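Each chain, written out:
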Amino acid sequence: MTPTLRQSKTLHYGLLFAAVFFAFFWNIWGFPLFDLDEGAFSEATREMLANNNFAATYLDGEPRYDKPILSYWFQALSVSLFDLSEFSLRLPSAIAASCWMLACYRFARQQWDSNTALFTVLIMANTLWIGIIGKGAIADAWLNLFLTLTVLDIWRYWQQPESSRFLLLRVYLWMALGLLTKGPVAVLIPLLVSGIFFVVQGQWRRWLTAIFYLPGWVLLLLILTPWLWLVYQDQGMGFFKGFLLDHNLNRFSDTREGHGGKLWYYLIALPLVLLPFSAALFTLLRNLREYCKDSLTLYLMIWLGVVFALVSVSGTQLPHYVVYGISGLLLLFAHYRDRLFRSWGLVFPLVFFILMLALPWILESAAGSSRKLYEQEMLGRVWDVVGTPYLIASVIALLLVLGITFTSKLEKPVKFVAIGFIQTLFVFNFFIQVMAGLQQLPVQEAAYIAKARAGENVVAYGLHMPTFSVYRDAITPKEKNPKPGDLIFTDADNLKKLQKRHPEALLQPLYSKGGIRLMEWRDAKPANAD
């Protein structure tokens, strides 16, 4: 770290503010909501407010058992204050991600020093998947906040025996809020991490004392029970069966929503999640035994290892699942920054920005090789949404990264952080616009057309894109058997199936773009006597 950076409080806090603002707040209003996750959370929140039902969630009129209630409450509060918009729906996640960064900043400052705390935030906020989570209208930023607070306070409990009662109560508070956010994972991960660490340290009796700490369980139950009673009153045992069995046990044991993978899936996903800081992981692992002689390093690596093992054997796999374990890893990146960040590691962000420059041609090729009409039409619009600004921005970003890579005026940790800023600005100003333009803009436009046809029966056939309901500001029920008079929201592949099932139907297109169809079933032709 340069002397100027070390000495200037203005620069210190200015960099903190810039990292958090551009990572989580900048442009959260500037692109449509994405299906499936953002759409599902947002539509459930919209229906919560429309029905004035804050006990349970519904999606397109059907009970939604996927997640507990807390993140919906935060979204509902934001929408109540700012009206329904991308900004209001994403703002709670941005706030949660900012608090997540603050918790890690405070921990790094307590355990090490203010410069390490600064680098902790500069690294974390500019890590690719943390930026995605912090800008998404989903529950994951809140879950990561409560998981991080839990695991870090468990370390403080081990470190500070004289404050054990107060720290244990805080641990149970964070776990209760995590349970209200996403369920058992908020307890399972801290339980495994702490259990392994305390056993290794020969303090298993102290761990058992914490596990059976009665005031903590009383606090946890006082927080959880009121909502559990309310959701039982509204949905009976349906929520408990649907959430605990289907969306937890079955999600772990079976592949859900096509998100299957292999045991090695996260060996590929983790470096992508960590961009542009991926290479530091390999440097750390190469000398892991040496680093783990330090108790805190061992504890934080156990955190990563537990999450990595759990998500690797899960039947449902998504990149953001591994984020539940990387907060500790990124703290170590900041602490050991002068040893972990090597010049060869700059290859990872260089390859990333080369791929970003080549993205239009990659998507164009994917459109030509896909067998699905929806994908062909969606990706086939790539040159309609890319435009000159994207190409110019990707060239400038690549040149800046090259310049930073080969300059000798910056220390290696500063180089990686600078590239992280470039990545954040590029991804959430240009790349995100391309992906939104391809996937979500047609859904949004079709929804506005359907919204203008007030009083008509609108149904979804063969696809699940709840952002359509958000932008239409109305429930869109799924219908396996549409009928004459319906407005049908579907895609090119499912429209083909519908026409095959009902060759007599006169389906008038109201909207057709990017594989998305909005059709009006106007009447029926007489069936052929033959």
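What comes next concerns the included structure. (Residues numbered from 1 in each chain as written. Predicted model: local features only at pLDDT ≥ 70, side-chain atom pairs only at ≥ 80, totals over all residues. Heavy atoms only, no water.)

Structural notes on the overall build of the protein chain
Phase 1 of the analysis: If you tally the helices and strands in the protein chain, you get 27 helices and 6 strands.
Phase 2 of the analysis: Taken over the C-alpha atoms alone, the protein chain extends approximately 85 × 60 × 45 Å along its principal axes.
Phase 3 of the analysis: Every one of the 530 residues in the protein chain was classed for burial, and the buried ones make up 56%.
Phase 4 of the analysis: With the model as given, the accessible surface of the protein chain reaches about 23,000 Å², and the carbon-plus-sulfur share is 64%.
Phase 5 of the analysis: Measuring between centres, the 45 positive side-chain charges of the protein chain sit 10 Å from its 37 negative side-chain charges. (Helix = DSSP H or I, 4+ residues; strand = E, 2+ residues; numbered from the N terminus. Buried < 20%, exposed > 50% of the residue type's maximum accessible area, 1.4 Å probe, protein only. Areas by Shrake-Rupley, 256 points an atom, 1.4 Å probe, with all protein chains shown as cover. Lys, Arg positive; Asp, Glu negative; His and termini not counted. Charge placed at Lys NZ, Arg CZ, Asp CG, Glu CD.)

Describing the pattern of salt bridges
Phase 1 of the analysis: All chains considered together, the criterion is met by 13 salt bridges.
Phase 2 of the analysis: A salt bridge links Arg 453 to Glu 520, with the shortest nitrogen-to-oxygen separation between them at 3.3 Å. Linking Arg 453 in the loop between α25 (441-452) and β3 (458-460) with Glu 520 in strand β6 (residues 516-524), this pair joins segments that are 67 residues apart in sequence.
Phase 3 of the analysis: Two residues, Lys 483 and Asp 486, come together in a salt bridge whose shortest N-O distance is 3.8 Å.
Phase 4 of the analysis: On the basis of relative accessibility, which here comes to 2%, the residue Asp 486 falls in the buried class.
Phase 5 of the analysis: Taken together, the shared-partner salt bridges in this structure form one network comprising Glu 43, Arg 46 and Asp 473. (Salt bridge = Lys/Arg side-chain N within 4 Å of Asp/Glu carboxyl O.)

Observations concerning the nonpolar core
Phase 1 of the analysis: Counting 166 residues, the largest nonpolar core has Trp 100 and Phe 333 as the members making the most contacts within it.
Phase 2 of the analysis: It is helix α8 (residues 140-159) that contributes the most residues to this core, 13 residues altogether.
Phase 3 of the analysis: If near-sequence neighbours (up to four positions away) are discounted, Phe 333 is found in contact with Ile 123, Phe 277, Ala 280, Leu 281, Leu 284, Leu 340 and Phe 341.
Phase 4 of the analysis: Ile 488, Leu 495, Leu 498 and Trp 521 belong to the second largest nonpolar core, which has 9 residues in total. (Core = buried A, V, L, I, M, F, W, Y, C linked by side-chain atoms within 4.5 Å. Contact = heavy atoms within 4.5 Å.)

Details of the packing of helix α17 (residues 295-313) against helix α18 (residues 326-335)
Phase 1 of the analysis: Two elements in contact, α17 and α18, have axes whose closest approach is 7 Å; the angle formed by their N-to-C orientations is 140°. With respect to α18, the element α17 is oriented oblique. Two packed elements cross with a definite hand, and for α17 against α18 that hand is left-handed. Contacts from Thr 297, Leu 300, Met 301, Trp 303 and Leu 304 of α17 reach α18 at Ile 326, Ser 327, Gly 328, Leu 329, Leu 331 and Leu 332.
Phase 2 of the analysis: Of the residues belonging to the contact of α17 with α18, the class tally is 8 nonpolar, 3 polar and no charged. (Axes fitted to C-alpha atoms, helices over the stretch in contact; angles between N-to-C directions. Parallel < 35°, antiparallel > 145°, perpendicular 65-115°, else oblique. Left-handed = near helix turned anticlockwise from the far one by under 90°. Nonpolar A, V, L, I, M, F, W, Y, C, P; charged D, E, K, R; others polar.)

Here we look at helix α6 (residues 114-125)
Phase 1 of the analysis: Taking 1.5 Å of rise per residue, 12 residues should cover 16 Å, and α6 covers 17 Å from first to last C-alpha, within 8% of that figure.
Phase 2 of the analysis: Within α6, 11 of the 12 residues are buried, which leaves the element mostly enclosed by the surrounding structure.
Phase 3 of the analysis: Of the residues making up α6, those classed as buried are Asn 115, Thr 116, Ala 117, Leu 118, Phe 119, Thr 120, Val 121, Leu 122, Ile 123, Met 124 and Ala 125.
Phase 4 of the analysis: The opening residue of α6, the one whose side-chain oxygen lies 3.0 Å from the backbone nitrogen of Asn 115, is Asp 113. (Expected span 1.5 Å × (residues − 1). Polar contact = N/O pair within 3.5 Å; in protein donor to acceptor, adjacent residues only side chain to side chain.)

A word on the packing of aromatic side chains
Phase 1 of the analysis: Following the criterion strictly, the structure yields 37 aromatic pairs and no others.
Phase 2 of the analysis: A centroid spacing of 6.3 Å and a plane angle of 55° characterise the contact between Phe 31 and Phe 34, whose relative ring orientation is tilted. The exposure classification of Phe 31 matches that of Phe 34, with both residues buried.
Phase 3 of the analysis: Centroid distance Phe 352 to Phe 353: 5.2 Å. Interplanar angle 80°. Geometry classified as edge-to-face. An identical accessibility class is assigned to Phe 352 and Phe 353; each is buried.
Phase 4 of the analysis: Here a set of aromatic residues connected by ring pairs shows up, and it is made of Trp 155, Tyr 157, Trp 158, Phe 197, Phe 198 and Tyr 299.
Phase 5 of the analysis: When the ring centre of Phe 41 is taken as origin, the NZ or CZ atom of Arg 64, which lies over that ring, is 5.2 Å away.
Phase 6 of the analysis: Here the basic side chain of Arg 206 rests over the ring of Tyr 157, its NZ or CZ set 4.3 Å away from the ring centre. (Phe/Tyr/Trp six-rings, centres within 6.5 Å; stacked < 30°, edge-to-face > 60°. Lys NZ or Arg CZ within 6 Å of the ring centre and 35° of its normal.)

Some remarks on the environment of Ala 40
Phase 1 of the analysis: Along the chain, Ala 40 falls in helix α3 (residues 37-51).
Phase 2 of the analysis: C-alpha separation for the pair Ala 40 and Ala 137, spaced 97 residues apart in sequence, amounts to 9.3 Å.
Phase 3 of the analysis: If we ignore the near neighbours within four places in the chain, the residues touching Ala 40 are Leu 59, Arg 64 and Pro 466.

Notes on empty space enclosed by the protein
Phase 1 of the analysis: One pass over the structure, following the stated rule, counts 2 cavities of 30 Å³ or more.
Phase 2 of the analysis: Its volume calculated, the largest cavity comes out at about 60 Å³.
Phase 3 of the analysis: In terms of lining, the largest cavity is formed by Asp 60, Ala 460, Leu 463, His 464, Met 465, Pro 466, Phe 468, Ser 469, Thr 476, Lys 478 and Phe 489.
Phase 4 of the analysis: Class assignment of the residues belonging to the lining of the largest cavity gives a composition of 6 nonpolar, 3 polar and 2 charged. (1 Å grid on protein atoms, 1.4 Å probe; cavity = no way out; pocket = protein on both sides within 12 Å on 5 of 7 lines; lining within 4 Å. Points joined across faces, edges and corners; volume = space filled by probe spheres on them.)

Quick look at the layout of surface pockets
Phase 1 of the analysis: Of the voids in this model, the second largest pocket is the one considered here, and its volume is about 280 Å³.
Phase 2 of the analysis: It is helix α12 (residues 214-235) that provides the largest number of residues to the lining of the second largest pocket, a total of 5 residues.
Phase 3 of the analysis: Here the lining of the second largest pocket is composed, by residue class, of 15 nonpolar, 1 polar and no charged.

A short note on the side chain of Arg 381
Phase 1 of the analysis: Relative to the helices and strands, Arg 381 is located in the loop between α21 (373-380) and α22 (382-385).
Phase 2 of the analysis: This buried residue, Arg 381, is left without a salt bridge; Asp 384 holds the nearest opposite charge, at 4.2 Å.
Phase 3 of the analysis: Look past the residues within four positions of Arg 381 in its chain and what remains in contact with it is Gly 437, Leu 438, Pro 442, Lys 513 and Gly 514.

What to know about unusual backbone geometry
Phase 1 of the analysis: With an omega of 10°, the peptide bond running from Asp 35 to Leu 36 counts as cis.
Phase 2 of the analysis: With respect to the helices and strands, Leu 36 occurs in the loop between α2 (9-25) and α3.
Phase 3 of the analysis: Notably, Asn 52 is not glycine yet its phi reads approximately 55°, a positive angle.

Here's the deal with the environment of Phe 282
Phase 1 of the analysis: With respect to the helices, strands and loops of the structure, Phe 282 is situated in helix α15 (residues 278-286).
Phase 2 of the analysis: Sequence separation of Phe 282 and Ala 56 is 226 residues, and the distance between their C-alpha atoms is 44 Å.

Quick word on the pairing of strand β4 (residues 487-491)
Where a strand is regular, its side chains alternate between the two sheet faces.
Phase 1 of the analysis: Judged by how many residues are buried, β4 sits mostly within the fold: 5 of 5 residues are covered.
Phase 2 of the analysis: Of the two faces of β4, both are covered, the one formed by Leu 487, Phe 489 and Asp 491 as well as the one formed by Ile 488 and Thr 490.
Phase 3 of the analysis: Examined bridge by bridge, β3 and β4 share 3 bridges and lie parallel to one another. Counterpart to Val 458 in the pairing with β4 is Leu 487. (Pairing = 2+ DSSP bridges.)

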